[in-house]
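What follows is each chain in one-letter form.
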Amino acid sequence: MNMIQAINSALDVSMERDEGIVVLGEDVGYFGGVFKATEGLQKRYGKTRVFDTPISECGIIGVAVGMATYGLRPVPEIQFADYIYPALDQLVSEAARLRYRSAGEYTAPITVRTPFGGGIFGGQTHSQSPEGIFTHVAGLKTVIPSNPYDAKGLLIAAIEDNDPVIFFEPKRIYNGPFDGHYDRPVAPWSRFPESAVPTGHYRIELGKAKVVREGADVTILCYGTMVHVAKGVVEESGVDAEIVDLRTLVPLDIETVAASVKKTGRCVVVHEATKTAGYGAELSALVQEHCFHWLEAPVQRVTGWDTPYPHSLEWAYFPGPVRLTQALKRVMQD
Amino acid sequence: MTGRNLPPLSLHVPEPSFRPGDEADYSSFPMPVAGAVRRPEIGAAPAEMRDLAYDMVRVLDPEGVAQGPWDPRLSSETLLKMLRSMALTRAFDERLYRAQRQGKTSFYMKCTGEEATSIAAAHALDYDDMCFPSYRQQGLLIARDWPIVDMINQIYSNRADRLKGRQMPIMYSVRDANFFSISGNLTTQYPQAVGWAMASAARGDTRIAAAWCGEGSTAEGDFHSAMTFAAVYRAPVILNVINNQWAISSFSGFAGAEATTFAARAIGYGIAGLRVDGNDALAVYAATQWAADRARSNHGPTLIEHFTYRAEGHSTSDDPTKYRSADEGTKWPLGDPIARLKKHVIGLGIWDEDRHAAMDREVAEQVKAAQREAEKNGVLHDGLKQSFDPMFEDVFETMPWHLEEQREQMLEERKAAGI
C-alpha cells in the first residue's frame, strides 16, 4: 500500500470496529477526498457516517467537537493544513481544553486529518507546516507518520485515543518516499518494505519514536518527509548518523531522543516549517536540558526559512539535501 | 484623488439612541400587539414564514392576559414553577453579585431582566435535550432544579467545585443536567450544538439540542458556520439569540441591528426564524415549544431572537452608567419578565401579592442557606480552595512525562516556599 491506501485502510478498519466513528470534511464523501484517502467509505458505511461538509473549517471542527460530546468519535478532514486557521479557535480553545475545563465531564476525542508540507508546487496556501502551532497548545496530541505502515498504525491509535489528535499527513510522500532531490524520479512505495501494510487492525502507540537508522556520530531528529531527506543525505554523505523518526511530537518520546543524543554527542533537528519558534526550537531546548553534558557541538536546526512558502522558489525554500549536509558538516567540525 | 467632481464618501459608525445624561424615550418604539402574530404549522417551510423574523411573537398583553395563537395554555403548576425559578434566579444573582463585591470570588454575571429567555425555554424543552449555553443562562440550571449550592461552589472555586477551580466563576459545566461546559470564547458552542444535534439525528435518537448566544456575538464566524451546517443537514437544533441590546458597551447596532433583525439572519440560510418578546415568558415558552416540536419532527432548525434588555451591567467588571442612559432599563417598553408573569398568574386567580412576597422571602432564604453551605467549602481567597494535586490532571486522559515533570517541579517549588 501507499500512504493514501494505508490511511484509507486505517479508516476502514476502524469504522468497521466502531460504529461511533464518523468521517466528515470537504469532498470526503461521494468523491472520496481530493487525495482519495476516504474513497469507498461512504459507499461502505453510508452517508450518515461519511459525509461532505460545507467549506467551513470552523464549522467542520466545531461540529466534530459537538458530535464527540454526543458520544461519537469524529475524524474530520481539513483538506490542506494551510486551511486549518479558521478552525484554530475550535481546536485550541475548545477541543484542546474541554476535558480540563469540565474536569473530565466532557471530552473531545476527535482526530483531525490534514495533509501538510511542501514540495508539490502548492504555493503559500498548499505547502505550510503548522505543526508547531499545535504542539504549543496544552491538550492536543500531534502525530506525523513517515511511511504507509506507520500511517495506518498511528492513525488507528489516534482514532482510538480519547484525546483530540492532529494527524498531519506529509502529502509529498503519499505516493513514495522523497529524498529531497526534486530533479530525480521518485520511486513508488511498492519498492519499499514499509509498504507491506497488514489489511487488519494494528496500532502503533502514540508517543513512541523510532530509530530508523542506527549511527554513532550524530543524531538527526526528524519526522514526515524529512525522514527520507535525512536517509538520503546520510547515504550520500557517509556520515554515520542515527536517524530518529519522532512520529509523535506531543507527547514526545524523550527517552529515545535523549538516549540517541547521549550516545552520539551531536544533534541536528530537521523540519520543513519556518525556523523561529518552530518545533525545532523545542527539540533543541529539550536536547540541551537533557543532554548538555554529553553534547560536543551546538545543536543545529535545519528548517524552512522564515518566509511564506514561495511558489516558484519552492526548492530554494525546502530544507533539502544541501542544507542538511551543511548542517551535518558544521556539527561534525566541532 | 480621482479628480472627478464627486462628493466625499462618509463612513457610517452606528450610535445608540441614548447615552449617559440622555433621557431614554421609547415613544417611537413600534410596540407589537400581543396575540397578533400568526402561528404556522410546525412543518411549514421557512420561506413561508419570513414575516415572523421581523414581527414579534407576544402572548401577554399590557393587562397580563394571554392572547392569540401562541398562548401555550400552560398548567397553573408550570406557570408557578416558572415564576419561582425566575425569582430564584434573580435572588441568586443578587446574592452572588454581592458575594463578589465582598471579595468572596473574582467575577460575577447577572442575567437580570433576561430570566425568561432561559427559564421559559428550559421548561419547554425535555430534560434530556442538550443545552449549549452562553454565560448568562444560569436560569437553565435553576429551571432544571440543579442544586444551587453546586453552582456557588463553582463560583467560589472552592474545594467542592466539581470543576476543580479551573474555570472562571459562572462558567458551569453540568453533564448530569445536560448542560454543556461554558466557554469564554464567544459562540463556539453554536457549531458544537449543531454537531451534537447532527449526531443525535444520525443515530436515530429523539433528543434535540439548543444553543444560546448574545446578539453581539452573532458577528462571530462560528455563528455563521453553525447556521450553514444547521441548514444544510436540517439539524434538530434550536439556535437562540439573546438580543439584550448591549455587548459590554457596544449597542446592538454594532452587530447589525440597524439594518435588520437578528431573527432575519435565519432567512438567508433557509432556516425558520422567530422574533420573540424575550420578556414574555409565555412567548418564549411557546416559541421554544414550537421549535422543539419542529426539530423533533425532522423539520430542521429554528433561530429564535429573544428581544430583551440587559437590566444590569455586563459583569462585575463593568460600569454601564459610563455608556448608556441611566433610565433606559426602567423605561424599557417590554417591561420586566417576572413582573409580567406575576401579573398574569394573579389575573388567573392562582396567585396573589402576599404569596409572591412570601416566595421572594423564601427564595432569598434558600440562596442564603445554600451560600452558607457552600462557604463551608471555602471561598476563592481564603485558602480553602482546591487542592493543588489535580492541576496537571485532565490535560490528557493520562499524564505524559512532560506534565509529570512539571508537576514534580511545582511540588518542589511549594516545598521550598514552605507551603
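Everything quoted here is computed from the prediction, not taken from an experiment.

(A) Region of the structure containing the nonpolar core. Residue and element names in this part refer to chain B. If you look at the biggest cluster of nonpolar residues, it comprises 80 residues, and the most contacted ones within it are M82, F92, L96, Y172 and L282. Considering each element in turn, this core owes the most residues, eleven residues, to helix α8 (residues 281–296). In contact with F92, not counting residues within four places along its chain, are Y108, I142, I148, M151, I152, I155, Y172 and V367.

(B) Representation of the environment of A:G119 within the structure. Residue and element names in this part refer to chain A. With respect to the helices, strands and loops of the structure, G119 is situated in the loop between β4 (111–116) and α6 (131–135). Residues G119 and E314, spaced 195 residues apart in sequence, show a C-alpha to C-alpha distance of 6.8 Å. Residues within four places of G119 in sequence aside, it is in contact with R172, E272, Y309, E314 and W315.

(C) Structural detail: the pairing of strand β7 (residues 302–307) of chain B. All names here are of chain B. Along β7, six of the six residues are buried, which leaves the element largely enclosed by surrounding structure. Both faces of β7 are covered, namely the face carrying T302, I304 and H306 and the face carrying L303, E305 and F307. Pairing geometry for strand β3 (residues 237–243) and β7, over six bridges, is parallel. Its bridge partner lying in β7, I242 is registered against H306. Two strands pair when backbone bridges link them, and strand β6 (residues 272–277) and β7 are joined in this way by six bridges, in the parallel orientation. Each residue of the ladder has a partner; that of R275, found in β7, is E305. Where the polypeptide runs from β6 across α8 and back to β7, its parallel neighbour, the crossover connection is right-handed.

(D) A look at unusual backbone geometry. With an omega of -5°, the peptide bond between A:V250 and A:P251 qualifies as cis. Phi is positive for A:K36, which is not a glycine, with a value near 75°. Here A:K36 is to be found in the loop between β1 (21–25) and α2 (41–45). Relative accessible area serves as the criterion here: at 29%, A:K36 is assigned to the partly exposed category. One non-glycine residue with positive phi stands out, namely B:D394, at about 70°. Tracing the sequence through the fold places B:D394 in the loop between α11 (353–375) and α12 (401–416).

(E) A look at the interface of chain A and chain B. Taken together, the contacts link 45 residues of chain A with 46 residues of chain B. For the chain A face of the interface with chain B, the top three residues by lost area are A:Y70, A:Y100 and A:R101, together amounting to 22%. Across the chain A-chain B interface, the total number found is one salt bridge. In this structure, the salt-bridge partner of B:R162 is A:E105, at a minimum N-O distance of 2.3 Å. Among the secondary structure elements, those contributing two or more residues to the side of chain A that touches chain B are β2 (50–52), α3 (57–70), α4 (88–95), α5 (98–101) and α10 (279–291) of chain A. Considering each element in turn, the side of chain A that touches chain B owes the most residues, ten residues, to α3(A). For the side of chain A that touches chain B, the residue count by class is 21 nonpolar, 15 polar and nine charged.

(F) View of the sheet that holds β3(B). All names here are of chain B. Spatial strand order, β1-β2-β3-β7-β6: five strands in an open sheet with parallel pairing. Looking at strand neighbours, the two that pair on one side only are β1 (130–132) and β6, the edges of this open sheet. Sheet twist, expressed as the average angle between the axes of neighbouring strands with direction ignored, equals 20°. Bridging between β1 and strand β2 (residues 209–214) involves three bridges; their strand directions are parallel. Paired with F132 across the two strands is A211, which belongs to β2. In the packing of helix α6 (residues 221–232) onto the sheet, contacts are made with β2, β3 and β7, and the angle to β3 comes to roughly 150°.

(G) Fine view of the pattern of salt bridges. Residue and element names in this part refer to chain A. With the rule as written, the count across this model stands at 48 salt bridges over all chains. Linking E16 and R44 is a salt bridge whose minimum nitrogen-to-oxygen distance equals 3.1 Å. Of this pair, E16 sits in helix α1 (residues 3–17) while R44 sits in helix α2; the two residues are 28 residues apart in sequence, bridging distant segments of the chain. Classification of R44 as partly exposed rests on a relative accessible area of 46%. With its nearest N and O atoms 3.1 Å apart, the salt bridge here joins D163 to R99.

(H) Just the packing of helix α9 (residues 254–264) of chain A against α10(A), in detail. Residue and element names in this part refer to chain A. Across the interface, α9 lies against α10 with an axial gap of 10 Å and an inter-helix angle of 65°. One element, α9, and the other, α10, form an angle in the roughly perpendicular class. Between α9 and α10 lies a crossing of right-handed hand. Contacts between α9 and α10 involve I254, V257, A258, V261 and K262 from the first element and L286, V287, H290 and C291 from the second. By residue class, the composition of the contact of α9 with α10 is seven nonpolar, one polar and one charged.

(I) Just the side chain of A:R172, in detail. Residue and element names in this part refer to chain A. Following the sequence through the fold, R172 ends up in the loop between β6 (165–170) and β7 (210–213). For the buried R172, which has no salt bridge, the nearest side chain bearing the opposite charge is E314, at an N-O separation of 6.4 Å. Within the structure, R172 has its side chain in polar contact with the backbone oxygen of G119 (distance 2.7 Å). In contact with R172, other than residues within four places in its own chain, are G118, G119, I120, F178, V186, T225 and W315.

(J) Expanded view of the sheet that holds strand β9 (residues 241–245) of chain A. All names here are of chain A. Across the sheet, five strands lie side by side as β7-β9-β8-β11-β12; this open sheet has mixed pairing. Across the chains shown, the open sheet's two edge strands, defined by having one partner strand only, are β7 and β12 (300–304). With strand direction ignored, the average angle separating the axes of adjacent strands in the sheet is 25°. Looking at chain direction, strand β8 (residues 218–222) and strand β11 (residues 267–274) are connected through three bridges and run parallel. Note that in β11 the partner of L221 across the bridge is V269. Packing against the sheet, α10 makes contact with β8, β11 and β12, and its axis sits at approximately 160° to β11. Against the sheet, helix α12 (residues 321–333) touches β8, β11 and β12, its axis set at about 170° to β12.

About the thresholds
Residues numbered from 1 in each chain as written. Chains lettered and ligands numbered in written order. Predicted model: local features only at pLDDT ≥ 70, side-chain atom pairs only at ≥ 80, totals over all residues. Heavy atoms only, no water. Core = buried A, V, L, I, M, F, W, Y, C linked by side-chain atoms within 4.5 Å. Buried < 20%, exposed > 50% of the residue type's maximum accessible area, 1.4 Å probe, protein only. Helix = DSSP H or I, 4+ residues; strand = E, 2+ residues; numbered from the N terminus. Contact = heavy atoms within 4.5 Å. Pairing = 2+ DSSP bridges. Right-handed = clockwise from strand over helix to strand, strands pointing away. Buried area = accessible area lost by both parts, 1.4 Å probe. Salt bridge = Lys/Arg side-chain N within 4 Å of Asp/Glu carboxyl O. Nonpolar A, V, L, I, M, F, W, Y, C, P; charged D, E, K, R; others polar. Axes fitted to C-alpha atoms, helices over the stretch in contact; angles between N-to-C directions. Parallel < 35°, antiparallel > 145°, perpendicular 65-115°, else oblique. Left-handed = near helix turned anticlockwise from the far one by under 90°. Lys, Arg positive; Asp, Glu negative; His and termini not counted. Polar contact = N/O pair within 3.5 Å; in protein donor to acceptor, adjacent residues only side chain to side chain.

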